[in-house]
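If you want the building blocks of each chain, they are given just below.
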Amino acid sequence: MIKAADMMIARRADTKARADIATWKMMAKLNGASALPTEAQAFLARYQALLRDMPEPKATETTIQLVYRGYYNEMGGTGVPPDVKAYSSDPITGNVTAFRRPPAPKPKSAAGPEAKPQLPVALIFACLVVVYVGVRYFLQ
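Residues numbered from 1 in each chain as written. Predicted model: local features only at pLDDT ≥ 70, side-chain atom pairs only at ≥ 80, totals over all residues. Heavy atoms only, no water.

On to the overall build of the chain, then. When its secondary structure is counted, the chain shows 4 helices and 0 strands. Scanning the chain from its N terminus toward the C terminus, one meets helices and strands in the order α-α-α-α. When burial is assessed residue by residue, the chain has 21% of its 140 residues classed as buried. For the chain, the share of sequence-separated contacts (at least 6 apart) that also reach a separation of at least 24 residues comes to 57%. Surface exposure of the chain reaches about 11,700 Å², of which carbon and sulfur atoms provide 63%. (Helix = DSSP H or I, 4+ residues; strand = E, 2+ residues; numbered from the N terminus. Buried < 20%, exposed > 50% of the residue type's maximum accessible area, 1.4 Å probe, protein only. Contact = heavy atoms within 4.5 Å. Areas by Shrake-Rupley, 256 points an atom, 1.4 Å probe, with all protein chains shown as cover.)

Glancing now at the packing of helix H1 (residues 4–29) against helix H2 (residues 38–53). Packing of H1 against H2 brings their axes to within 11 Å, and their N-to-C directions diverge by 80°. Overall, the two elements H1 and H2 adopt an arrangement that is roughly perpendicular. Contact residues: Trp24, Lys25 and Ala28 in H1; Ala40, Phe43, Leu44 and Tyr47 in H2. (Axes fitted to C-alpha atoms, helices over the stretch in contact; angles between N-to-C directions. Parallel < 35°, antiparallel > 145°, perpendicular 65-115°, else oblique.)

On to empty space enclosed by the protein. Per the counting criterion, the structure on display carries 1 cavity of 30 Å³ or more. Forming the walls of the largest cavity are Ile21, Trp24, Lys25, Phe43, Leu44, Tyr47 and Thr63. Where the lining of the largest cavity is concerned, the elements lending two or more residues are H1 and H2. Residue classes in the lining of the largest cavity are distributed as 5 nonpolar, 1 polar and 1 charged. (1 Å grid on protein atoms, 1.4 Å probe; cavity = no way out; pocket = protein on both sides within 12 Å on 5 of 7 lines; lining within 4 Å. Points joined across faces, edges and corners; volume = space filled by probe spheres on them. Nonpolar A, V, L, I, M, F, W, Y, C, P; charged D, E, K, R; others polar.)

Attention now goes to the packing of aromatic side chains. Under the counting rule described, the total for this entry stands at 3 aromatic pairs. Between Trp24 and Phe43, the ring centres sit 6.2 Å apart and the planes meet at 15°, which makes this aromatic pair stacked. One end of the pair, Trp24, is in helix H1; the other, Phe43, is in helix H2, and 19 residues separate them in sequence. Residue classification places Trp24 among the buried residues on the basis of a relative accessible area of 9%. Owing to a relative accessible area of 17%, Phe43 belongs among the buried residues under this scheme. A ring pair is formed by Tyr68 and Tyr72, whose centres lie 6.3 Å apart and whose planes are at 50°; its orientation type is tilted. Highlighted residues: Tyr68 and Tyr72, both in helix H3 (residues 56–74), separated by 4 residues, approximately one helical turn. A single burial state applies to Tyr68 and to Tyr72, both of which are buried. (Phe/Tyr/Trp six-rings, centres within 6.5 Å; stacked < 30°, edge-to-face > 60°.)

Along its 26 residues, H1 runs 38 Å from first to last C-alpha, staying within 8% of the 38 Å computed at 1.5 Å per residue. Turning to H1, the residues buried within the fold contact H2 and H3. The positive-phi residue at the C-terminal boundary of H1 is Asn31, with phi of around 60°. (Expected span 1.5 Å × (residues − 1).)

Right, let's get into the environment of Tyr71. Within the secondary structure, Tyr71 sits in helix H3. You can call Tyr71 buried: its relative accessible area is 6%. Along the backbone, Tyr71 and Arg12 are 59 residues apart, and their C-alpha atoms lie at a distance of 8.8 Å. For Tyr71, the contacting residues outside a window of four places in its chain are Ala13, Lys16, Ala17, Asp20, Trp24 and Glu39.

Here it is in C-alpha cells:
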C-alpha cells in the first residue's frame with residue numbers, strides 16, 4: 001500500500017526529474033554540458049546511449065524514470081517508487097475556452113442619437129438663483 005506522503009514525494013521527484021532532464025538536454029544542445037555536475041553528465045551519457053537504440057521520446061522517458069527513482073530515494077521515499085501518471089503531450093481540447101478580444105470602447109462624441117443633451121452652465125446657475133429667491137421669498 002502506498003502512503004500519501006510517499007505519493008507526494010513521488011510527484012515532487014517526478015516533477016524535478018522532468019525539469020532537470022529538460023534543462024540538461026538544453027544545456028547539451030547549447031554545448032554547456034561540461035558545466036553540469038558529474039551526476040548530470042552521467043545521465044546525459046546514458047541518454048545518448050539510449051538514443052542510439054530507441055527513438056527520442058522513449059529514450060527521454062526512460063532517462064526521466066531513472067532520474068526519478070534516484071530523486072525518490074534521495075527525498076526520503078520508502079520502498080519501490082510508485083508509478084506517477086505521465087504528462088500527456090497531446091493538446092487539451094475538452095475544457096479550453098478560445099481567447100476573444102474585448103469589444104472596442106465606443107468613442108465619446110457629442111453628436112448622434114445616443115448623445116446626452118447638455119445644459120449650459122448659465123442655465124443651471126439661473127435655475128439655482130430662481131430656487132434660492134423663491135425659497136427666501138416664501139419663508140419671509
